[in-house]
Amino acid sequence: MLPTTDNLLLGRQLRCPEGELAKEIGDYIFASNRNMIMRTIDSLSLSKTHQLLEIGFGNAAHLPYLLDRAPQLCYTGVERSMAMYQEATTLYKELIAQKKAVFLLAPDGNLPTLSHRRFELCLMVNIHYFIPNLRAYFQQLYELLSPKAQLVMAYIDLEFGKRMPFTKEVFTFYTNAELQALLLSAGFKDFEFHPFTEEILTKHNTYITRPFWVMKARK
């Protein structure tokens, strides 16, 4: 069920859940993207990964699934939504106390300073649409990663995404070639693009096929 029928409001809330709708939006984001998130996690090479960075964790409802697959992980998440940050830090107090999870708030949408650690893997699911200066962001991200670290991004196919009624205002979609060019300019290499499809439920209670991509690159 959509949290609101106002498409422009929904688009803004998907970028940064806030206010009275925040929790409902967070639940909706996870429910609508659950398959994409799980498929992406399943594609990760986690056996030798100890430091993982995720950009845009939402309500972090997927974190138990991730840590169940890789109990050795030290997870760091960055989120621009205060509401999602508060929900995640409340829900995962025990993981925080065990130093298994760190949640960081970045309300301006930029990456926080993390000079004390380097990450072997970075995960981004349905996030890059909302980053104004994606080239500069990728350059910042590159510096946070350890040598040969992997960046994994999952995202809706451009043509499908542009047809969605709530993406008209705050979403910027890119072709695979455009994304690769931006990442190349930051220093990333060894690109892989893997296509997927999934059936999603519409507000009219019918199913449509949503194509999405899982992109992998290395530092």
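Our subject is the structure listed above.
The notes below deal with the structure included here. Predicted model, so just to flag it, every value in this text is computed and none were measured. (Residues numbered from 1 in each chain as written. Predicted model: local features only at pLDDT ≥ 70, side-chain atom pairs only at ≥ 80, totals over all residues. Heavy atoms only, no water.)

### Quick word on the overall build of the protein
In plain terms, the rule: Numbering of helices and strands runs from the N terminus, with a helix taken as a DSSP run of H or I at least four residues long and a strand as a DSSP run of E at least two residues long. Just to be clear, the radius of gyration here is over C-alpha atoms, and the globule rule we use is 2.2 Å times residues to the power 0.38. Under the scheme applied here, a residue whose accessible area is under 20% of the maximum for its type counts as buried, over 50% as exposed, and between as partly exposed, the area being computed with a 1.4 Å probe on protein chains only. Contact definition: two residues touch when any of their heavy atoms are within 4.5 Å. The protein chains shown are the only cover counted for residues, whose accessible areas, like all others here, come from Shrake-Rupley with a 1.4 Å probe. Charge assignment in this entry is limited to Lys and Arg as positive and Asp and Glu as negative, and neither His nor the chain termini are counted. Working definition for charges: the position is that of NZ of Lys, CZ of Arg, CG of Asp or CD of Glu.
When its secondary structure is counted, the protein shows eight helices and seven strands. Relative to a compact globule of 219 residues, whose C-alpha radius of gyration would be 17 Å, the protein shows 17 Å and is just as compact. For the protein, the C-alpha atoms occupy an extent of roughly 45 × 40 × 30 Å along the three principal directions. Sorting the 219 residues of the protein into buried and exposed places 51% on the buried side. A separation of at least 24 residues holds for 70% of the contacts in the protein among residues at least 6 apart in sequence. As displayed, the protein offers around 10800 Å² of accessible surface, 53% of which is attributable to carbon and sulfur atoms. For the protein, the separation between the mean place of its 24 positive charges and that of its 22 negative charges on side chains is 6 Å.

### A closer look at the environment of Met164
Structurally, Met164 is set in the loop between α7 (158-163) and α8 (176-186). Judged by relative accessible area, which is 17%, Met164 ranks as buried. A C-alpha to C-alpha distance of 16 Å links Met164 and Pro3, two positions 161 residues apart in sequence.

### Observations concerning the pattern of salt bridges
Opposite charge on two side chains permits pairing when their charged atoms draw close. Defined as follows: A pair is scored as a salt bridge if a Lys or Arg side-chain nitrogen falls within 4 Å of a carboxyl oxygen belonging to Asp or Glu.
A full pass over the atoms with the stated rule returns five salt bridges. Here Lys23 ties to Asp27 by a salt bridge, and the two come within 3.4 Å at their closest N and O atoms. Taken together, the residues Lys23 and Asp27, both in helix α2 (residues 22-42) and four residues apart, mark about one turn of the helix. For Arg210, the salt bridge goes to Glu198, with nearest N and O atoms at 2.6 Å. In this pair, Arg210 is assigned in strand β7 (residues 207-218) and Glu198 in strand β6 (residues 189-201), connecting sequence segments twelve residues apart. Neither Arg210 nor Glu198 differs from the other in exposure class; each is buried. A network of salt bridges, in which partner residues are shared, links Lys23, Asp27 and Glu87.

### Quick look at α8
What counts, and what does not: By definition, the arc is the one covered by directions from the helix axis to the C-beta atoms.
Listed as buried for α8 are Asn176, Leu179, Leu182, Leu183 and Ala186. The arc enclosing the buried residues of α8, seen along the axis, measures out at 130 degrees, which places them on a common side. Looking at the buried side of α8, the elements it contacts are α6 (134-144), β5 (145-156), β6 and β7. Where α8 terminates, the next one or two residues include Gly187, which has phi positive at roughly 115 degrees.

### Comments concerning the state of the cysteines
Rules: Here, the term disulfide refers to a pair of cysteine sulfur atoms separated by no more than 2.5 Å.
Tallied over the full model, the rule gives zero disulfides. There is no disulfide at Cys74, and the cysteine sulfur nearest it, in Cys122, is 16 Å away.

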